[in-house]
Amino acid sequence: MPITKGRRAMLLAAGVMLPLPVLTGCSSDDDGPPPPAAWDIAAAPRAGTTGTGTLRWAVDATPTTLNAFSKTADTGTERIAGAVLPSLYTLDARGRPQRNGDYLASADVTSSDPKQVVVYKLNPKAVWSDGRPLGVEDFQAQWRALRGTDDKYGTARNAGYDRIAKVEPGDKAHEVKVTFAKPYTDWRSLFTPLYPKSVMGNPAVFSAAASKGLAVGAGPFMVRQVSDNSVTLVRNPRWWGDRARLSRMVFQAVPAEKRAQALIAGQLDLAEVDPATARRIRATAPGKQAAGADQGSSATGKAGAPEPSTGGRQTAGAQGGATGDTDKNRSRTRALSGFTLRKALDPAYTQLALNGTKGPLADERVRRAVARAIDRKALAKAVLKPMGLPSEPLGNHLLMAGQPGYKDHSGALGDPDKNAAQSLLADAGWRAGGTGSRQKALDGKTDDRGRPHSAPTATETDTATDTSTEGTSGTPSETASQSASGTESATASSERSAGTESGTASSERSAGAAPAAGDAGRSGRLGEAAVVRKKGRPLVLRFVLPDDQAGAQLSTVGRRIARMLEKIGVRTEITKVSGESYFRDHIATGDYDLALYSWPASAYPATDARPIYAKPQPAADGSLVVEQNYTRVGTDQIDQLFDQALSELDGGASRSLVSRADARIWAAAGSIPLYQRPQLIAMRKGLVNAGAFGFATPRYQDIGFRR
C-alpha cells in the first residue's frame, strides 16, 4: 500500500539543479535473495502450529480510525487493515509487489495506447464477511472517494486514483476494467486495501463509521471489538483461504516507553522495542547469540550472525540476572528470557535535513559543505553495529538497499572531505582567519553571539547512548513528551570526542532516559580562530531535536554531527523542543536550520516521494505551498523526472528516471540519508511466522504458536 500522510509524519527533503558527475556505485539486481537483515522471522510450517491461541501485539496507540486513507490513519490502522481487508498486492522482503492470489486470479495491463487499461480478474471465492462477492461496485466506490473531487471525503491522499478515467465491469465474470486518463506506472498500488462500498460510498461513513470498527471485511480475520486500549480481531468464518492459525489477535496500545515493563508483566507477545530493551532481551539468550537461535531457521534474508561482544561491559538487565543482586532483577530477567529478539533493517531511514529557505543554508555551497563534513559511515556504524546489523550508510533517498533499482548516488556529493568542505565554505564567503573586530572588542568574555561563555561540562561524555541512537517509534507526530524545551551549545572539543566514539553502550543511563538539558551538548568550545565568518559574523546553525525518548536516542547522533561540523569551523546550537511540537511547530513550519527525522520507504517511490521533493509553489496569499517538502528546496528538473517516472509504464525505464531524480537530490544536499533504522522485535518464544518483517507484508493467517 502506498504511504499515507499519516505515515508520512516521518520526513524528507528535495534538491536543486547541479551538473552531475558520472555516477557509479553499488546497485541492486531485481532478482535474487533478499540482502542480509532484510527480514528476520521464525519460519515454521503451518501444520506445526497449534491452530489456536491469542496473540497480543503492541501498537503505539489505539487507532482513531480503521480507514487507512483517513488523515488520522497510523501504523496501527495499517496493521489491522492488512488482516481484515483485501490487499490485491502484498510486498516481499525486497519491497517488490506480489499479486495476492487470495483475491486476484490475474491483473494485467491490456492496453497502453491510446489509454492505459488494467483488467483485474478477481478470485471468484472472494467474498465480504456479509456474503456479498467482491466486485466492481467496491472498486468504483473507492475510486470516487479517493480521486480528490469531493472534499467531503477529506482523504489523506489521492495519488493514482486521480489519474483514473473510469472503472467498469470487464468483459467476463469477476473482471474489473480500469481505464486511466494518464498513464500510471504504480497501478499496483491502487485498491490496497480495498474497502467495501458501504464504507467508501458515503462520506459520513468514510469519516465516522470506521473509527468505531469495520462491520464488513474480507480477510482471514474480522474486527470483533474496539476499546480505548485495544482492537480485537477474530477469525472470519467466511474466509475462503488458508484458515488462520490463531483464534484471535489483540492489538494492544502500549507506548514505546512502557513496552519493556509490559513484556516483563506478561502482557504482550510481540512488540517493537528500543535498543536498550533489545539488549536486555539479548543478554538473556544462551551465549548471547543472535536473536531467535533457538527458534529454528528463519526465512532467507534474516539477520542471523552472532551478536558482537559487549566488550566486557554488562547491560543493566545482564547485571541483574547474572549477579543476582536483587530478587526484582532476577524476576525481570527471568521474564525477559521468555522472549527472543528478532531484528532487521527497517524500511525507513534517518536523515539530516538542511533548511534551504533562509540563513546560511539557503546557499547551496554551504549545504554541500555541511554534507561533506558528515562521516555517514561512522554514524551508521555507531547505530547499527551494536545491534548486530549491517552498518553501511544508506546511499539513496528513494530506495532502500535491496530494492529493485537501488543505487548509491552519494557520489554526487563526494566522500567526506574536510578540505573540500572548507573550500566550499570559502567560495560562499565563509572563511576562518582569526577573530573579527567585534569579537576582539568583547575581549574574549563572550561567545560569538555576545553571550557569556559557558563553562565546559567535564563529566558528560557521549558514550552514554551511542548504541541507543535510534529507536522504533520514529515519527515526530507520533512521539509525545511533556518535557520542557531547552537550548544547548553543541561545541564539544575534538580532543574529547576522539576517545568517546567507541559505539558501546554505557550502563549508567537507563533505557530511554533523555540527557539532562544543558549538558548533553556542552563539553567545551570551538576555538575562535577556527570559526568561519562572513563579514565578521560566525556561521552558527540551529539544530532542532525532540526532547523525548526518541529525542534522547537522536541526541547522540546530533552531538556526533555537531563535532563533525566543528572540524570545518561550523558551530551548531542544539535546541530541544517537546516531542509534541517538534513536527507541528518546527519541521512543518521551517523553524530550524538542521534537524534529524525519519521517512518510511516505499515500494512505489515515483508516487510516494513526489510530494516530498516537489518544488514549493507560491500561494495566492503569498505563502509557500510545500506539500511535504519540509526543507523547501526543489527544482523543476526533479519534478519533471518524477512526472516522467509516474507516466512510464516500462518498469525498468521508470526506475531509471527515479534513479536520476535521486542523484539530483543528492547533489542538492538538502537531505542527507544517514542509515536505515534498526527494526527490533521482542517475540515470545514459541510464536512462529512472525518477527521483524522488514518490507514484507505479514501473512496473518500463518502466524501461530508452535505445537
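Here goes a summary of the coordinates provided. (Residues numbered from 1 in each chain as written. Predicted model: local features only at pLDDT ≥ 70, side-chain atom pairs only at ≥ 80, totals over all residues. Heavy atoms only, no water.)

Take the sheet that holds strand S6 (residues 117-122) next. Judged by pairing direction, the sheet is antiparallel, and its 4 strands sit side by side in the order S5-S6-S8-S7 without closing on themselves. With one partner strand each, in any of the chains shown, strand S5 (104-111) and strand S7 (164-169) form the two edges of the open sheet. Geometrically, the sheet is characterised by an average inter-axis angle of 15° between neighbouring strands, direction not taken into account. Two elements, S6 and strand S8 (residues 175-180), share 5 bridges in a ladder whose sense is antiparallel. In the sheet register, valine 119 faces S8, and the bridge partner there is lysine 177. Packing of helix H2 (residues 136-146) onto the sheet brings it into contact with S6, S7 and S8, and relative to S7 it is tilted by some 160°. (Pairing = 2+ DSSP bridges. Helix = DSSP H or I, 4+ residues; strand = E, 2+ residues; numbered from the N terminus. Axes fitted to C-alpha atoms, helices over the stretch in contact; angles between N-to-C directions. Contact = heavy atoms within 4.5 Å.)

Attention shifts here to unusual backbone geometry. The residue after aspartate 113, namely proline 114, is reached through a cis peptide bond having omega 10°. Relative to the assigned elements, proline 114 resides in the loop between S5 and S6. Omega for the peptide link from threonine 192 to proline 193 comes to -5°, which places this bond in the cis form. Non-glycine residue phenylalanine 191 carries a positive phi angle of around 60°. On the secondary structure map, phenylalanine 191 appears in the loop between S8 and helix H3 (197-200). Residue classification places phenylalanine 191 among the buried residues on the basis of a relative accessible area of 0%. Although it is not a glycine, asparagine 689 sits at a positive phi angle of roughly 60°. By the element assignment, asparagine 689 lies in the loop between strand S23 (687-688) and strand S24 (691-692). When its relative accessible area of 10% is taken as the criterion, asparagine 689 is described as buried. (Buried < 20%, exposed > 50% of the residue type's maximum accessible area, 1.4 Å probe, protein only.)

Let's shift gears to the packing of aromatic side chains. In this structure the tally under the stated criterion is 18 aromatic pairs. Each ring, one from phenylalanine 69 and one from tyrosine 161, has its centre 6.3 Å from the other, and the planes form 90°; the classification is edge-to-face. Of this pair, phenylalanine 69 sits in the loop between strand S2 (54-59) and helix H1 (75-84) while tyrosine 161 sits in the loop between H2 and S7, and the two are 92 residues apart along the sequence. Across this residue pair, the class does not change: phenylalanine 69 and tyrosine 161 are buried. Taken together, the ring pairs in this structure connect Phe69, Tyr89, Tyr120, Phe139, Tyr161, Trp187, Phe191 and Tyr195 into an aromatic cluster. When the ring centre of tryptophan 143 is taken as origin, the NZ or CZ atom of arginine 147, which lies over that ring, is 4.7 Å away. (Phe/Tyr/Trp six-rings, centres within 6.5 Å; stacked < 30°, edge-to-face > 60°. Lys NZ or Arg CZ within 6 Å of the ring centre and 35° of its normal.)

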